[in-house]
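The chain contents come next:
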Amino acid sequence: MVNKVIEKVKYVREKYPNLFKEFNAFKKIMDFGGNEKTLKPGEIPETFACGAGRSSIHLNSKGNIQLCAISESCGFPSFGNILNNSLEKVMSTKIAKLSSISPAPTPKFCSVSCKNFFFCGGCIARGYNKFLKEKENCSWGQKFYN
């Protein structure tokens, strides 16, 4: 199994030698006024808790690009597969675009009285997980993922 993973990593590195350079082109966000803003290295707007889907993405051993390393276990859909599609096509999918503009569940968008507030803790993947289970009780998920 380990050898298969190593071979796939080599394949991805050979096929996409500029993968991370290309990803920098997607470091643009839209604010809620519809204005585009380019993020500076290391910059994360205060409404976002982490850079998942914005300044970083997760590439698994099968070639799937995901929001982050825990997103798959939280039920968050993959953006797509770079073994089957170009990075540009994967990053232009609806879920990838939505992830790049939706803020994490933070006090600005969630009530601290929500029973899941501390579970979600500003994490898009964990917030999405709770939204899938409790749609009617998740105002954050209803606003951004419904």
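This is a predicted model, so every value here is computed, not measured.

Trainee: Lay out the confidence of the model for the protein in plain terms, naming residues and giving numbers.
Mentor: Scored by pLDDT, the protein comes out at a mean of 75, with 70% of its residues at no less than 70. Averaged pLDDT values for the elements of the protein fall to 47 in strand β1 (residues 28-30) and rise to 92 in strand β5 (residues 80-81). For the stretch residues 29-34, pLDDT sits under 50, and the model shows 15 contacts to residues farther than four places along the chain or on other chains.

Trainee: How would you explain the pattern of salt bridges if you had to name every residue and give the values?
Mentor: Scanning the entire structure with this criterion turns up one salt bridge. Measuring nitrogen to oxygen at the nearest pair gives 3.6 Å for the salt bridge that ties lysine 115 to glutamate 134. Of this pair, lysine 115 sits in the loop between α4 (94-101) and α5 (117-120) while glutamate 134 sits in the loop between α6 (124-133) and α7 (139-145), and the two are 19 residues apart along the sequence. For lysine 115, a relative accessible area of 67% translates into the label exposed.

Trainee: Quick one: what's the story with the nonpolar core, residue by residue and with numbers?
Mentor: Ranked by internal contacts, the top residues of the largest apolar core, which has 27 residues, are Ile65, Leu67, Phe76, Phe79, Ile124, Trp140 and Tyr145. At the level of secondary structure, the elements contributing two or more residues to this core comprise α3 (87-91), α4, α6 and α7. The leading source of residues in this core is α6, at four residues. Excluding its chain neighbours within four sequence positions, the residues that come into contact with leucine 67 are Ala52, Gly53, Ser56, Ile57, His58, Phe76, Phe79, Ser99, Ile124 and Ala125.

Trainee: An account of the state of the cysteines is needed here, citing residue identities and associated values.
Mentor: One pass over the structure, following the stated rule, counts zero disulfides. Between cysteine 68, a cysteine without a disulfide, and cysteine 123, which holds the nearest cysteine sulfur, the sulfur-to-sulfur distance is 5.5 Å. Between cysteine 138, a free cysteine, and cysteine 120, which holds the nearest cysteine sulfur, the sulfur-to-sulfur gap is 6.3 Å. A residue is classified by how much of its surface remains accessible, and cysteine 138, at 12% relative accessible area, is buried.

Trainee: Could you give an account of α4, with specific residues and numbers?
Mentor: Those residues of α4 that sit buried are Ile95, Ala96, Ser99 and Ser100. Looking straight down α4, one finds that the buried residues subtend no more than 135 degrees of arc, so they occupy a single side.

Trainee: Would you mind going over the packing of aromatic side chains in detail, with residue names and values included?
Mentor: For the structure shown, the criterion picks out seven aromatic pairs. The rings of Phe76, Tyr128, Phe131, Trp140, Phe144 and Tyr145 are connected pair by pair, giving a single aromatic cluster. Lying across the ring of phenylalanine 119, lysine 130 places its NZ or CZ 4.8 Å from the centre.

Trainee: Just give me the short version of the sheet that holds strand β3 (residues 58-59), but keep the residues and values in it.
Mentor: Taken in spatial order, the three strands make up an open sheet running β3-β4-β5, and their pairing is antiparallel. The outermost strands of the open sheet, each flanked by one partner alone, are β3 and β5. Alignment of β3 against strand β4 (residues 64-66), held across two bridges, turns out to be antiparallel. Counterpart to leucine 59 in the pairing with β4 is isoleucine 65.

Calculation rules
- Residues numbered from 1 in each chain as written.
- Predicted model: local features only at pLDDT ≥ 70, side-chain atom pairs only at ≥ 80, totals over all residues.
- Heavy atoms only, no water.
- pLDDT = per-residue confidence, 0-100.
- Helix = DSSP H or I, 4+ residues; strand = E, 2+ residues; numbered from the N terminus.
- Contact = heavy atoms within 4.5 Å.
- Salt bridge = Lys/Arg side-chain N within 4 Å of Asp/Glu carboxyl O.
- Buried < 20%, exposed > 50% of the residue type's maximum accessible area, 1.4 Å probe, protein only.
- Core = buried A, V, L, I, M, F, W, Y, C linked by side-chain atoms within 4.5 Å.
- Disulfide = S-S within 2.5 Å.
- Arc of directions from axis to C-beta.
- Phe/Tyr/Trp six-rings, centres within 6.5 Å; stacked < 30°, edge-to-face > 60°.
- Lys NZ or Arg CZ within 6 Å of the ring centre and 35° of its normal.
- Pairing = 2+ DSSP bridges.

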